[in-house]
Structure formats: C-alpha cells, structure tokens
Amino acid sequence: MNAWAEDQGIEGSMLSFMGDPAGEFTKACGMEMTHPGPPSVGIIGRCKRWAMHVVDGVVKYVAISEAENDPAGDDNPEATLCPSVLKAISN
C-alpha cells in the first residue's frame, strides 16, 4: 500500500490507503464479491469496487460500482471515482 500511495502522491494529504490482506474488513462491510466469475478464474475473496467517506469514525457515504454482468465494476466505475464521490459528499 505504501508503494501505491507513494506512486499516487498522497503523502501529506487527507487520504489514507489501507490494506485488507485477509479480507476481514471487506467481509465486515459486506463488500466481498460473491459473483461466480472471479473464483472461476482463480480470484478468491475479491473485494467489490467501492468507496467510503468516513468522518470521525462515522460512515457518511458508500458507493459501489457493480452490475449483474459486471460484478467488478470495471465497465462502469464512475460511481466510485473521485468526481462522483466528491459530488455526493458535498451535497
């Protein structure tokens, strides 16, 4: 996560990158991808594409990018991208 954060230039910003190698947080949030597609190609326990806005430990907004035929949200990730999240939390 540190290398990704460094690559993205977030050091000193308000953003935090956090890993979840065992998937505990993912499962607790109900964000584990349960579609049969990823496991069929060896991807076990993948997380959905999602974004969460948290203020002082309180979840204020959650966005998920997924569709029936696109469980990973790869074809239409817009709901979880910065512009959409910023718009949602600024209202």
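Residues numbered from 1 in each chain as written. Predicted model: local features only at pLDDT ≥ 70, side-chain atom pairs only at ≥ 80, totals over all residues. Heavy atoms only, no water.

1. A word on unusual backbone geometry
Point 1. Here the phi dihedral of D56 falls at roughly 50°; this positive angle occurs in a residue that is not glycine.
Point 2. Structurally, the position occupied by D56 is in the loop between β1 (49-55) and β2 (58-65). (Helix = DSSP H or I, 4+ residues; strand = E, 2+ residues; numbered from the N terminus.)

2. Considering the pattern of salt bridges
Point 1. Under the counting rule described, the total for this entry stands at three salt bridges.
Point 2. The partner of D74 in a salt bridge is R46, with the nearest N and O atoms 3.9 Å apart. Residue D74 is located in the loop between β2 and α4 (82-89), and its partner R46 is located in the loop between α3 (37-40) and β1; the two are separated by 28 residues in the primary sequence.
Point 3. Using a relative accessible area of 44% as the deciding quantity, one classes D74 as partly exposed.
Point 4. Since its relative accessible area comes to 28%, R46 is described here as partly exposed.
Point 5. For the salt bridge of K48 with E66, the shortest nitrogen-to-oxygen distance reads 3.5 Å. Here E66 lies in the loop between β2 and α4 and K48 lies in the loop between α3 and β1, a separation of 18 residues in the sequence. (Salt bridge = Lys/Arg side-chain N within 4 Å of Asp/Glu carboxyl O. Buried < 20%, exposed > 50% of the residue type's maximum accessible area, 1.4 Å probe, protein only.)

3. Considerations on the packing of aromatic side chains
Point 1. Counted by the stated rule, this structure contains two aromatic pairs.
Point 2. Note on W4 and F17: the rings are 4.4 Å apart at their centroids and 45° apart in plane angle, and the pair reads as tilted. Of this pair, W4 sits in helix α1 (residues 2-8) while F17 sits in the loop between α1 and α2 (24-28), and the two are 13 residues apart along the sequence.
Point 3. Take F17: its relative accessible area is 26%, and that puts it in the partly exposed class. (Phe/Tyr/Trp six-rings, centres within 6.5 Å; stacked < 30°, edge-to-face > 60°.)

4. Details of the pairing of β1
Point 1. The pairing of β1 with β2 spans seven bridges and is classified as antiparallel. In the sheet register, V55 faces β2, and the bridge partner there is V58.
Point 2. Here β1 folds back onto β2 in antiparallel fashion, the turn holding two residues, of which D56 has a positive phi close to 50°. (Pairing = 2+ DSSP bridges.)

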